[in-house]
Amino acid sequence: MGFTCGIVGLPNVGKSTLFNAITAAGAEAANYPFCTIDPNVGVVTVPDARIDRLVKIYKPAKIVPTAIEFLDIAGLVKGASKGEGLGNQFLSHIRTVDAIAHVVRCFDDANVVHVDGSVNPKRDIEVVETELILKDLETIEKKQSEAEKRAKTGDKKLKTEFDFYGRVREHLLGGRLARYFSIQNEEERLWLRDTHLLTNKPVMYVCNVHEKEMLAENDYVKQVREIAAKESAKVVVVSAAVEAEVAELPDAERAPFLQELGLKESGLSQVIREGYDLLHLITFFTAGPKEVHAWTVRKGATAPEAAGVIHSDFEKGFIRAEIIKFTDLDRLGSEAAIKENGLLHVEGREYLVEDGDIVFFRFNV
């Protein structure tokens, strides 16, 4: 699995339409709030032209691309942290995801009702963030109370933990997201991680625009970009309606359709690409006549760590990694040619796996 992404935002901003388009999972989409009660889950394969090339070279019996799990979660409204709308269900589900795709409505349409009566991306983003902060405050206050009880034993470490939660609480009370909290040491990093705070999740903003405005950014999109720039967040501009049309086309017709609209790639490809970048993820491959398999690891992973993604025994008994660069294999067309040209690299435990590496792990258990 590549990563898990929660699609969130206010009701009626295009979340379910976008989800339907990119997962073909058939989630209900309707022109009224709360049509999604439980999180709809869809798993999509990551489009990667490199796999197609490897299949042509190796002619494997099996192909395993990497995949991403999308969760479409019920819309958030003011008071969600206190149980308004379907907020509590929304907020519990979001804790499980690796990243958040925050869909923001960036189009005018009198026929599509806005839950607050008008289109205002800045306000909409603030509503969602405020509710997440309020829910995080509940979590931290509970943690702080538990730590205070334990600290009465006189354990200095427990007192330090209690003080840490107090600092996080003050940070959140200032209206600031948890991901911008200043960590002082490794212990605090682990404490913060273990709280699973909602506002500590990496976020990308998905601007849902009218198909006529996909190439010329409107003022709503500019508002989102200004907010994202302050947060160093990612921004993807898509038209959920266009994505829905693309999803209904045969594979062979999708690229020409996008080209007619002046688009280089689908919204799904954009979300995946930015999601990988947001989470600092890369793809490496194992390949042979039996199977071509794509694997996801964090950028900076060592060869043994990458081996561990395949199986823990590979990491424990790691001996070496034999590396072929995809660009070399793509150019030369066979492993035999790679070896003839001295381009098979043998690497040890310190090697950092790179995006596109084709790896054969030697191990002994």
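Heads up: these notes are all about the structure in this document. (Residues numbered from 1 in each chain as written. Predicted model: local features only at pLDDT ≥ 70, side-chain atom pairs only at ≥ 80, totals over all residues. Heavy atoms only, no water.)

A word on the environment of Val8. With respect to the element layout, Val8 can be found in strand β1 (residues 4–8). Its relative accessible area of 2% is what places Val8 among the buried residues. (Helix = DSSP H or I, 4+ residues; strand = E, 2+ residues; numbered from the N terminus. Buried < 20%, exposed > 50% of the residue type's maximum accessible area, 1.4 Å probe, protein only.)

Counting buried positions along strand β7 (residues 234–238) gives four out of five residues, so the element sits mostly inside the fold. Pairing analysis gives five bridges linking strand β6 (residues 203–208) to β7, with the strands arranged parallel. Each bridged residue has a counterpart across the sheet, and for Tyr205 the counterpart in β7 is Val235. (Pairing = 2+ DSSP bridges.)

Once the charged atoms of two side chains with opposite charge are near each other, the side chains can pair. Applying the stated rule across the entire model yields 26 salt bridges. Here Arg169 makes a salt bridge to Glu170, at a shortest N to O gap of 3.5 Å. Measuring nitrogen to oxygen at the nearest pair gives 2.0 Å for the salt bridge that ties Glu265 to Arg273. Overlapping salt bridges, with partners in common, bring together Lys234, Glu265, Arg273, Glu274 and Asp277 in one network. (Salt bridge = Lys/Arg side-chain N within 4 Å of Asp/Glu carboxyl O.)

Turning our attention to the pairing of β6. Burial analysis of β6 places six of its six residues in the buried class, which makes it a mostly covered element. The alternating pattern of β6 places Val203, Tyr205 and Cys207 and Met204, Val206 and Asn208 on opposite faces, both of which are buried. Bridging between strand β5 (residues 99–105) and β6 involves six bridges; their strand directions are parallel. Counted as the bridge partner of Val104 is Cys207 from β6. Traced from β6 through helix α7 (residues 219–231) to β7, the parallel crossover comes out right-handed. (Right-handed = clockwise from strand over helix to strand, strands pointing away.)

Now for the packing of helix α1 (residues 15–23) against helix α8 (residues 240–248). Direction vectors running N to C along α1 and α8 enclose 25°, while the axes themselves pass 8 Å from each other. Between α1 and α8, the crossing angle belongs to the class labelled roughly parallel. The crossing of α1 and α8 is left-handed. Residues Thr17, Leu18 and Ala21 of α1 form the contact with α8, whose participating residues are Ala240, Glu243, Ala244 and Ala247. Taken together, the residues of the contact of α1 with α8 break down into five nonpolar, one polar and one charged. (Axes fitted to C-alpha atoms, helices over the stretch in contact; angles between N-to-C directions. Parallel < 35°, antiparallel > 145°, perpendicular 65-115°, else oblique. Left-handed = near helix turned anticlockwise from the far one by under 90°. Contact = heavy atoms within 4.5 Å. Nonpolar A, V, L, I, M, F, W, Y, C, P; charged D, E, K, R; others polar.)

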